[in-house]
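# Examination of the molecular architecture
Spelled out, the chains give:
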Amino acid sequence: MLGRTANSLFWMFRYLERAENTARLLEAALRMALTRDLATAEAEWRSVIATLGLQRAYDALHDGYDGLSVWNFVLRGPSNPGNVRAMFGAVRSNARTARTNISSDLWEAVNDNWMKLDTMLARPVGQMAVGEVLGTIRRAGTQVHGAFDGSILRDDGYHFSRAGTFIERADSTARILDMKYFLLLPSLSYVGSSLDTGQWEQVLRSVAGARVYSWLNAGQIEARGIVEFVVLDDRFPRSLAFCRNALRDCLGALARLHGEEGRAIALMRDSDTRISHLTVDQIFEQGLHEFLIDFLARNAAISQAIAQDYRFQA
């Protein structure tokens, strides 16, 4: 496969995952803001901007953190080049570049959803419309992934696409957990204090894990269990462990198809050696923030190595 096509498939699914994760983060913040006082709501919206790394750009235009300003900046703000409207435009652009390597079903799912979202985000999103917009973004991700899983040949293009998905998903989950942890527990001491249950549930909602975590833990919400679930539970498809395992499988499949192992696999093995046997107690002992920063750095290094191994841009 040409590097240009591999690059398009890798980034098509990174942008798709990023758009969906952003919508989930906004949905969770909206739910929290509607049920709390004004000061808590403002802190919640601030955390969204901080988690997405947009604080400097947002602060240059706005004096405060209200929902209307935040979600419009994130979804469609012209001064925010990484807004969701632009993300989905990048999904479509990359799909078009790789058009001969994807199915008609997948192209139609991307193109139809892009047209729908581009129209919805062409004008400011008000209070009455934001829920519909966020739901449409999530459904777009579901539809595109469904078309992909049901119609794509399991060749190297499939594995480049999956690699992009899980690189991005792991990055998003780690950033959300790191930012929320600092908001909830600024001290790096071992978790044991009384924390706000609603805020920790917010962490789960941000990664689409509230219902399944509640089912597994009989509705008990506590910090240690949530961190163990989001970081180490390889049954949960948005956990760091699940993403790492899925990415390892993708890299192994690409190595077999191309007849050689690249630097990305070596970095993956090194990462596995360091974190595969960690317990949640050991993570807290070394510092959750330190663990997550190291994870993010290793995830980014693997992404760069994939690009170098297969000669495209990360």
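Now for a look at the structure at hand. (Residues numbered from 1 in each chain as written. Predicted model: local features only at pLDDT ≥ 70, side-chain atom pairs only at ≥ 80, totals over all residues. Heavy atoms only, no water.)

## What about the overall build of the chain?
Helix and strand counts for the chain come out as 15 helices and zero strands. Oriented by its inertia axes, the alpha-carbon framework of the chain measures out at about 55 × 50 × 40 Å. Going through the 314 residues of the chain one by one, you find that 54% of them count as buried. Across the chain, the fraction of contacts at a sequence separation of at least 24, relative to all contacts at a separation of at least 6, is 67%. Carbon together with sulfur atoms contributes 50% to the accessible area of the chain, which is approximately 14300 Å² in total. Across the chain, the centroid of the 35 positively charged side chains sits 5 Å from that of the 36 negatively charged ones. (Helix = DSSP H or I, 4+ residues; strand = E, 2+ residues; numbered from the N terminus. Buried < 20%, exposed > 50% of the residue type's maximum accessible area, 1.4 Å probe, protein only. Contact = heavy atoms within 4.5 Å. Areas by Shrake-Rupley, 256 points an atom, 1.4 Å probe, with all protein chains shown as cover. Lys, Arg positive; Asp, Glu negative; His and termini not counted. Charge placed at Lys NZ, Arg CZ, Asp CG, Glu CD.)

## Remarks on the side chain of N113
Its place among the elements puts N113 in helix α6 (residues 104-120). Once you skip the residues sitting within four places of it in the chain, N113 turns out to touch F88, A140, Q143 and V144.

## A short note on helix α5 (residues 84-97)
Its 14 residues place the ends of α5 20 Å apart at the C-alpha level, agreeing with the 20 Å of an ideal helix rising 1.5 Å per residue. Where α5 is concerned, the buried positions are V84, M87, F88, A90, V91, R92, N94 and A95. Between the side-chain oxygen at the start of α5 and the backbone nitrogen of R85 there is a gap of 3.0 Å, and the oxygen is on N83. (Expected span 1.5 Å × (residues − 1). Polar contact = N/O pair within 3.5 Å; in protein donor to acceptor, adjacent residues only side chain to side chain.)

## Things to note about the environment of A255
Looking at the element boundaries, A255 is found in helix α12 (residues 240-258). Through-space distance from the C-alpha of A255 to that of I265 is 8.4 Å; in sequence the pair is ten residues apart.

## Concerning the nonpolar core
Membership of the largest hydrophobic core comes to 79 residues, with the highest contact counts inside it found for W45, L75 and L106. When residues in this core are grouped by element, the largest group, eleven residues, is from helix α1 (residues 3-35). Sequence-distant contacts of L106, that is, excluding residues within four places in its chain, are made with M12, F13, V144, A147, F148, S151 and I152. Counting 20 residues, the second-largest nonpolar core is a separate cluster that includes A6, I167, C250 and A255. (Core = buried A, V, L, I, M, F, W, Y, C linked by side-chain atoms within 4.5 Å.)

## Side note on the pattern of salt bridges
According to the stated counting rule, one finds 20 salt bridges in the structure shown. For D171, the salt bridge goes to R175, with nearest N and O atoms at 2.8 Å. You can see D171 and its partner R175 sitting in helix α8 (residues 156-184), four residues apart, about one turn around the helix. For D171, a relative accessible area of 14% gives the class buried. For the salt bridge of E261 with R269, the shortest nitrogen-to-oxygen distance reads 3.0 Å. Judged by relative accessible area, R269 falls into the partly exposed class, the value being 49%. Taken together, the salt bridges that share partners define one network made up of E17, E20, R24, R169 and R238. (Salt bridge = Lys/Arg side-chain N within 4 Å of Asp/Glu carboxyl O.)

## Some remarks on unusual backbone geometry
Non-glycine residue A208 carries a positive phi angle of around 60°. Structurally, A208 can be placed in the loop between α9 (197-206) and α10 (210-216). On the basis of relative accessible area, A208 is assigned to the partly exposed category, the value being 33%. A positive phi angle, near 60°, is found at R311, a position not held by glycine. Along the chain, R311 falls in the segment after α15 (288-310). Overall, the relative accessible area of 70% leaves R311 in the exposed class.

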